[in-house]
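# Inside the fold
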Amino acid sequence: MPNCTSAISPGQLVGSLEPISMVDGNIVGVVHDREQKVNNRILVSVTFEVSTTRELDQLKAIWRSKDIVISKLGSVYETVTAEYMLLGKFGAAYVDDIIDNASKIVDFESVDVSYTSKNSADDSRTALITAELRDHEDRDKLDRFLFSSSERDGLMLIRGLGFD
């Protein structure tokens, strides 16, 4: 599902949204902030669905012909979010290695890792890993890989709730 930020001239909002329906797309959300301006143009963020890359290319061509400047075009794929909490004695390099190895078996859209500082009593720490993946199959592969790795290395792994 693409998310597009574009810069339009005042009065161009409807004209910037109509092309999405012209290519059989579906608008999911629109944020129109008249206060944010770049070169006297208003920023508009639109989240929409299109079925094919061809339709997305047609849409971009229509926008260009209407003098709508696309400043950012996000993911073309709907993503699946996976969250994990890793607990135990490990360093940042360990998590970096795990993510590097996981990237060889799954297609990450993005990965975000945050750590707690080491607990001075026993040198343990916690890491929160949030991954955006291309599909449910990749999420299942990542589950198996992370659970296997954490079990092998004597760490506790907790998978976040909210999976469909």
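Residues numbered from 1 in each chain as written. Predicted model: local features only at pLDDT ≥ 70, side-chain atom pairs only at ≥ 80, totals over all residues. Heavy atoms only, no water.

### Quick notes on the pattern of salt bridges
Summed over the entire model, instances satisfying the criterion amount to seven salt bridges. We note a salt bridge from Lys 141 to Glu 137, for which the minimum N-O separation is 3.7 Å. On the criterion of helical spacing, the pair formed by Lys 141 and Glu 137 is a turn pair, its members being four residues apart in helix H4 (residues 136-152). Residues Arg 159 and Asp 143 are paired through a salt bridge, measuring 2.5 Å at the closest nitrogen-oxygen approach. Of this pair, Arg 159 sits in strand E8 (residues 156-159) while Asp 143 sits in helix H4; the two residues are 16 residues apart in sequence, bridging distant segments of the chain. Given a relative accessible area of 34%, Arg 159 falls into the partly exposed group. With a relative accessible area of 7%, Asp 143 lands in the buried category. (Salt bridge = Lys/Arg side-chain N within 4 Å of Asp/Glu carboxyl O. Helix = DSSP H or I, 4+ residues; strand = E, 2+ residues; numbered from the N terminus. Buried < 20%, exposed > 50% of the residue type's maximum accessible area, 1.4 Å probe, protein only.)

### Description of H4
Helix length check: H4, at 17 residues, gives a terminal C-alpha distance of 24 Å against a target of 24 Å (1.5 Å per residue), a fit within 8%. Of the surrounding secondary structure, the elements contacted by the buried residues of H4 are strand E5 (80-88), helix H3 (92-102), strand E6 (108-115), strand E7 (125-133) and E8. The N-cap of H4, judged by a side-chain oxygen 3.2 Å from the amide nitrogen of Glu 137 a few residues on, is Asp 135. Among the residues trailing H4, Gly 154 stands out with phi positive, at a value near 70°. (Expected span 1.5 Å × (residues − 1). Contact = heavy atoms within 4.5 Å. Polar contact = N/O pair within 3.5 Å; in protein donor to acceptor, adjacent residues only side chain to side chain.)

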